[in-house]
Structures are given as structure tokens and as C-alpha cells.
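For reference, the chains in residue letters:
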Amino acid sequence: MKKSLFIILSFISGSLFAQESQTESNSSIFWDSLTQLCNDAYSGEILEAPENDSFRGNELIMHARYCDSDVIKIPFFVGDDKSRTWVFTRKGDRIQLKHDHRHEDGSEDEVTQYGGLSTNTGLANLQMFPADQGTSDLIPAASTNVWWVEIQPGEYFTYNLRRLGTDRYFSIKFDLTSKVKTPDAPWGWEKNK
């Protein structure tokens, strides 16, 4: 009887362990949702931004233009301004978000490559990116920035920024239910892919 009970418990434990080891982490599920956007473009709308924000009144388009197993680059167009690209990089079970800003000639802006690395595996549909040390060194006022991205596959993608300790809050929502025409390449794309 004891031997049978031991065998049954061993089988159950083994099954549970196998299920756990096969379960994807939240960051992997989020990454998979990002990859579903690859090669497609979507329009967005401002949910929240300062009244005088330069994004207001402009067409907002995101285009998941470059995807490989560990890097996804999503140019973000604000009207005719093609200077911004969100760069998501997988680093183990964490995800990093960086902001690549370029001039029209393709050269890097003075303020570029800021962002942060998720501090945990997050949620399957939401990842948070607190400002890293490089961001703090580059933009001291952004030391308390927290960016987060939420994806509801087939529904919406939101990009958000909150500067803790201030009133600064920014949020854009992209409609994933309908694709838009693929825009031209962002500034500097030929040089930095």
C-alpha cells in the first residue's frame, strides 16, 4: 500500500513539475503577443497627454517593422515626424524598452537610447519599464519615469509614461482590430535597421 501511494504521489508530483516547466513565463507570453504585431501598422489616439503636447492633432501610427527572436523594433510616427522607434529586447526572462530617436539625416538625437528593463516577469498582457541608470544620467528629470505597455491581442496596444512625483502622464492607445497602410521607413532606418 505504501509503495503504491508513493508511486501515485511520485507520478502526480512529476506531472505537476512537467506542467510547471512547460508553462511559459508572463514575459514570454507578452513577447509572443508583440511578435503577432510584426510587419503590421496600426493607428493610435491620445488617451492622456499635457494640453500643449506636440502629439495632439497629428496622425499617430505604430509599425512593427523589425522582428527577430530577441529584438522587436516598432517605429512610432507622429504626423510627418519619423524620428522615434521603440526597441524591445529580450534579456533572459526580462524585457527592455529603449527609445531610439533620430534626426532626418539618420544621425542619433542628443537624447536617445533611454528607457528601462522590466524588474520582474510582469503580467502576460502588461510589462513595466522603470527608468534605468543610463536614462537617469542622460535625463536627470526622467529618473522617476516608469513606462508600461499593455497588449490585448487583436484588440489594443497602449504605450504609457508616468513620471512619479509629478503630474506628467502620457498614454496612447493603438487599435489592433484594423491594420493601416504600412508607412515609409523611419529616419535613419537604413543605417540602424
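Starting from 1, residues in each chain are numbered consecutively following that chain's sequence as written. The predicted origin of the model limits local features to residues at a pLDDT of at least 70 and limits the giving and counting of side-chain atom pairs to 80 or more, whereas totals for whole chains, interfaces and linings rest on all residues. As a rule here, side-chain values come from all non-hydrogen atoms in the structure, and water together with hydrogens is ignored.

## Considering the overall build of the protein chain
Reasoning step 1: Scanning the protein chain for helices and strands turns up four helices and 11 strands.
Reasoning step 2: Summary of the burial criterion: residues with accessible area below 20% of their type's maximum are buried, those above 50% are exposed, and those between are partly exposed, where the area comes from a 1.4 Å probe applied to protein chains only. The 193 residues of the protein chain split such that 41% are buried.
Reasoning step 3: Accessible surface is estimated by sampling points in the Shrake-Rupley manner with a 1.4 Å probe; for residues, cover comes only from the protein chains shown. Only carbon and sulfur atoms are counted for the fraction: they give 50% of the accessible area of the protein chain, which is about 10,700 Å². A run of H or I in DSSP becomes a helix once it reaches four residues, and a run of E becomes a strand once it reaches two; helices and strands are each numbered from the N terminus.

## A short note on the confidence of the model for the protein chain
Reasoning step 1: As a per-residue measure, pLDDT tells how confident the predictor is, with possible values from 0 to 100. Looking at the protein chain, pLDDT values average 89 and 87% of them are 70 or higher.
Reasoning step 2: Every residue in residues 4–22 scores below 50 in pLDDT, and together they form zero contacts with partners more than four places removed in sequence or on other chains. By definition in these notes, contact holds between two residues if any of their heavy atoms fall within 4.5 Å.

## Re unusual backbone geometry
Reasoning step 1: Residue Asn39 is not a glycine yet carries a positive backbone phi of 75 degrees.
Reasoning step 2: Inspection of the secondary structure puts Asn39 in the loop between helix 2 (26–35) and strand 1 (41–48).
Reasoning step 3: Despite not being glycine, Gln113 has its phi angle at roughly 60 degrees, a positive value.

## Here's the deal with the state of the cysteines
Reasoning step 1: The term disulfide is used for any two cysteine sulfur atoms that are within 2.5 Å. Enumeration over the complete set of coordinates arrives at one disulfide.
Reasoning step 2: Two residues share a disulfide in this structure: Cys38 and Cys67, whose sulfurs sit 1.9 Å from each other. Between Cys38 and Cys67, the S-S torsion sits near -105 degrees, and that sign places the bridge as left-handed. Of this pair, Cys38 sits in the loop between helix 2 and strand 1 while Cys67 sits in strand 3 (residues 66–67), and the two are 29 residues apart along the sequence.

## Considering the pattern of salt bridges
Reasoning step 1: By definition here, a salt bridge exists when the distance from a side-chain nitrogen of Lys or Arg to a carboxyl oxygen of Asp or Glu is within 4 Å. Following the criterion strictly, the structure yields eight salt bridges and no others.
Reasoning step 2: A salt bridge links Asp132 to Lys98; the nearest nitrogen and oxygen atoms lie 2.7 Å apart. You can see Asp132 sitting in the loop between strand 8 (126–130) and helix 3 (133–138) and its partner Lys98 sitting in strand 6 (residues 94–101), a full 34 residues away along the chain.
Reasoning step 3: The partner of Arg102 in a salt bridge is Glu108, with the nearest N and O atoms 3.5 Å apart.
Reasoning step 4: On the basis of relative accessible area, Arg102 is assigned to the buried category, the value being 13%.
Reasoning step 5: Exposure remark for Glu108: the relative accessible area of 40% places this residue in the partly exposed category.
Reasoning step 6: A single network of salt bridges, built from pairs that share partners, joins Asp100, Arg102 and Glu108.

## Notes on helix 2
The periodicity of an α-helix, 3.6 residues per turn, causes residues three or four places apart in sequence to face the same way.
Reasoning step 1: Of the residues making up helix 2, those classed as buried are Ser27, Ser28, Phe30, Trp31, Ser33 and Leu34.
Reasoning step 2: Contact partners of the buried residues in helix 2: strand 4 (71–78), strand 5 (81–91), strand 6, strand 8, strand 9 (145–152) and strand 10 (156–163).

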